[in-house]
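The lines below spell out each chain.
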Number of protein chains: 2
Amino acid sequence: MPTYKAPLRDMRFLINEVLDYSTHYASLSNGADATPDMVDAILDGAAALCEDVLAPINLSGDAEGCTFSNGNVTTPSGFKEAYKAFVEGGWQGLSFPTEYGGQGLPMSVNVFKSEMAGTANWSFNMYPGLSIGCINTLMQYGTPAQKKLYLPPLVAGEWTGTMCLTEAQCGTDLAQVKTRAVPQADGTFKLTGTKIFISSGEHDLTDNIIHIVLARLPDAPAGTRGISLFIVPKVIVNDDGTLGARNAVNCGSIEHKMGIRASSTALLNFDDATGYMIAEENKGLEAMFTFMNTARIGTAIQGVAQAEASFQGALAYARERRSMRALSGKKEPEFAADALIWHPDVRRMLLTQKAFAFYNLNAIESVFIQTIATGKFKMVLL
Amino acid sequence: MPTYKAPLRDMRFLINEVLDYSTHYASLSNGADATPDMVDAILDGAAALCEDVLAPINLSGDAEGCTFSNGNVTTPSGFKEAYKAFVEGGWQGLSFPTEYGGQGLPMSVNVFKSEMAGTANWSFNMYPGLSIGCINTLMQYGTPAQKKLYLPPLVAGEWTGTMCLTEAQCGTDLAQVKTRAVPQADGTFKLTGTKIFISSGEHDLTDNIIHIVLARLPDAPAGTRGISLFIVPKVIVNDDGTLGARNAVNCGSIEHKMGIRASSTALLNFDDATGYMIAEENKGLEAMFTFMNTARIGTAIQGVAQAEASFQGALAYARERRSMRALSGKKEPEFAADALIWHPDVRRMLLTQKAFAFYNLNAIESVFIQTIATGKFKMVLL
């Protein structure tokens, strides 16, 4: 089994030689703290967490998987402890504003961390990963009271968040969303419906989960122009921030997603669950795009992470597995055959993998710089 | 869940319009019986078996998988009955010589059947599939007595066969084979070693399994020039063809192969197991190439089968799943959205899949005609 090793040299080459982050950070309102020393220390700390805590539970987590029983989901052995270490290290708040308890660093710093965490253990990375979209959506569309109530625990990682779009009859075509939200006298809403494929929809890592849910008001127009957006906490949050009653949102089952068996993908039933509207009535889909765009960046990071993971796995195997003799003569005469890495075509394939992994990392970090410059991509605190 | 439907129209188009099989069969020594009517009837019969017997246990077989206990492997529900139907229909012997109980038809007829069986249920197809290589190897290298003893039950499908090459330290690099074969006074050999990844290495479908095994004689030269080939039956076969004592070859575990959980992939331990040499001493690897080339054709058929299966699955989904409206206007106004197949790009992708599946089928059948013409490919009874 290959051991994960963070590609810090490649990352530093990108930061210092290719993308010139120090000039870039100097131009950002939140770039002052991102000094080269600070970025260096963050990369080292993230690498240690990913190599020593997240990578060792990747294979075992996949083998064990999540288990579902009576509406509860148990994550595989070691996930709770790893998540605790993640939270205690302050890793969730790296690039979120200090006013919500974050460290206020540029988002590109966090992307390096996410790439490392994703490569070390993508299943694990899904739990804090979904929270990022939830936080971005609340920051952009939440009322001041909502921000005050929900953001600090989310930014701290004490709670996680989810994105509830898909229903059995609609994935891409959200015009078909059926979940209903009925307004109540006190300004809240009662949501009823079933959402499927909800990543991190239920788990045992935190005391609360904040669901961001697409639903339709009773008098809403048909199609995408009649969709509103709601906060539906798993546990109702009192005005003072303490946890109140369990809300009527329950996990009905977990689903199988190839390769991420340690990530809980839930079917969620909302039965008159209490929700709070975010953004304007019938403008929910537009607001949800903040979450969806964050998730898209997450998916891009997954691509980078898988490229790196597959390269590291292949490299380790090519170094230890012996087959045939090198064309240029015996390299390891003490063994019956030479290691695969001595074969020119194997080496060519490994270098291609390495180039892809590095190029993709470069690409995603470049996109961040570009979107900061153009401002065209709706993201908070780039 | 999509239902498998044999692409008989495409196959007949290939046979009659593209490849002109009737002219081709007229030129073959064993082509006289392959009249258009006969080929038509065989295609219909194979389609019925694959659609009605093999396809219905594909999904359930994958979910249930094979189970291993105390050296025995139990195939999933329905596999025994399906294999019985396969044997009773005479499907194993389609293209093998009549002198061994086969129907003596050209091999290309059998490829159509294998493609259908593989598309309907690749896991199932592995069991009779490996036997084909075993039969070809025995036909080419077996002594008259070995052929008489082993071929009729294999051709009938009463027994199956395996290809035992890989050991933990060597897959591709067979120079590293360590399994030993010690000559005995009576002309037999005692084999000791462990083979891994042995497809159909142990199962409950037949009373006997004929392993074709690479091993090294005590005085053999190092490398590939010191490898010999042996018949090692799971149950010793008496000279009169009846089954004798259980041989010392035992399944130690079964392994996970993604997508073919209903196919038993075994680790086999040989502990002084009785074996019989085939082909010349130290020329075993060359002889094994008859098996390996048959397996390569099987793998090519798997490619064709998966292309067809994926096309059929995608087509069924595109017809039933509704998402968005067609660009050219509502097609199914009675529903909230139009079926995916109405979207031009979905249709383009489906047609690409269909073209690939058809092109691959054409390619593999063309290769058969070519190899028959050039005779360059070492196969018995093309």
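Use the structure listed above.
(A) Looking closely at the overall build of chain A. In terms of helices and strands, chain A carries 10 helices and 11 strands. In terms of C-alpha radius of gyration, chain A reaches 22 Å, essentially the compact-globule figure of 21 Å for 382 residues. Judged by the C-alpha coordinates and their principal axes, chain A covers about 80 × 50 × 35 Å. Put simply, chain A shows about 16700 Å² of open surface, and 55% of that area lies on carbon and sulfur atoms. Between the centroid of the 31 positive side chains of chain A and the centroid of its 38 negative side chains there is a distance of 6 Å.

(B) Up close: the nonpolar core. Met 116, Leu 138, Tyr 150, Ile 212, Phe 230 and Met 288 of chain B are the most contacted members of the largest nonpolar core, which totals 103 residues. Looking at this core element by element, the count peaks at 11 residues for helix H7 (residues 122-141) of chain B. Those residues in contact with Met 288 of chain B that sit more than four places away from it in its chain are Met 163, Cys 164, Leu 165, Ile 212, Leu 214 and Leu 229 of chain B. Counting 102 residues, the second largest nonpolar core, distinct from the first, contains Cys 66, Met 107, Leu 149 and Ile 278 of chain A.

(C) Layout of the side chain of Asn 125 of chain B. Take Asn 125 of chain B: it is sitting in helix H7. In contact with Asn 125 of chain B, not counting residues within four places along its chain, are Ser 114, Ala 117 and Gly 118 of chain B.

(D) Representation of empty space enclosed by the protein. Residue and element names in this part refer to chain A. By the definition in use, this model includes 3 cavities of 30 Å³ or more. The space that makes up the largest cavity amounts to roughly 60 Å³. For the largest cavity, the full set of lining residues is Pro 7, Asp 10, Glu 115, Val 304, Glu 308, Phe 311, Lys 354, Ala 357, Phe 358 and Leu 361. Contributing elements (two or more residues each) for the lining of the largest cavity: helix H9 (284-320) and helix H10 (344-374). Ranked by the residues each element gives to the lining of the largest cavity, the list is headed by H10, at 4 residues. Across the lining of the largest cavity, the residue classes break down as 6 nonpolar, no polar and 4 charged.

(E) Spatial organisation of the relation of the copies chain A and chain B. Placing chain A over chain B gives an RMSD of 0.0 Å and needs a rotation angle of 180 degrees, together with 0.0 Å of translation along the axis. Read as a symmetry element, the transformation amounts to a two-fold axis. Looking at the rotation axis and the C-alpha trace of chain A, the residue lying nearest is Met 258 of chain A, at 5.2 Å. Interface overlap between copies is the fraction of interface residues in one copy that are interface residues in the other; for chain A against chain B it reaches 100%, indicating a shared surface.

(F) Representation of the packing of aromatic side chains within the structure. Applying the stated rule across the entire model yields 18 aromatic pairs over all chains. Ring centres of Tyr 83 of chain A and Phe 124 of chain A lie 6.2 Å apart, and the angle between their planes is 50 degrees; on these two criteria the pair is classed as tilted. On the criterion of sequence distance, the pair formed by Tyr 83 of chain A in helix H5 (residues 79-88) and Phe 124 of chain A in helix H7 (residues 122-141) is long-range, its members being 41 residues apart. Take Tyr 83 of chain A and Phe 124 of chain A: they sit in the same class, and that class is buried. For the ring pair Phe 79 of chain B and Phe 124 of chain B, a centre distance of 6.0 Å and an interplane angle of 55 degrees mean the geometry is tilted. Taken together, the residues Phe 79 of chain B in helix H5 (residues 79-88) and Phe 124 of chain B in helix H7 connect sequence positions 45 residues apart. We note that Phe 79 of chain B, like Phe 124 of chain B, is buried. Put simply, the rings of Phe 79, Tyr 83, Phe 86, Phe 124 and Tyr 127 of chain B touch in pairs and so form one group of aromatic residues.

Cut-off values and rules
Residues numbered from 1 in each chain as written. Chains lettered and ligands numbered in written order. Predicted model: local features only at pLDDT ≥ 70, side-chain atom pairs only at ≥ 80, totals over all residues. Heavy atoms only, no water. Helix = DSSP H or I, 4+ residues; strand = E, 2+ residues; numbered from the N terminus. Rg over C-alpha atoms; globule rule 2.2 N^0.38 Å. Areas by Shrake-Rupley, 256 points an atom, 1.4 Å probe, with all protein chains shown as cover. Lys, Arg positive; Asp, Glu negative; His and termini not counted. Charge placed at Lys NZ, Arg CZ, Asp CG, Glu CD. Core = buried A, V, L, I, M, F, W, Y, C linked by side-chain atoms within 4.5 Å. Buried < 20%, exposed > 50% of the residue type's maximum accessible area, 1.4 Å probe, protein only. Contact = heavy atoms within 4.5 Å. 1 Å grid on protein atoms, 1.4 Å probe; cavity = no way out; pocket = protein on both sides within 12 Å on 5 of 7 lines; lining within 4 Å. Points joined across faces, edges and corners; volume = space filled by probe spheres on them. Nonpolar A, V, L, I, M, F, W, Y, C, P; charged D, E, K, R; others polar. Least-squares fit on C-alpha atoms with pLDDT ≥ 70 in both. Phe/Tyr/Trp six-rings, centres within 6.5 Å; stacked < 30°, edge-to-face > 60°.

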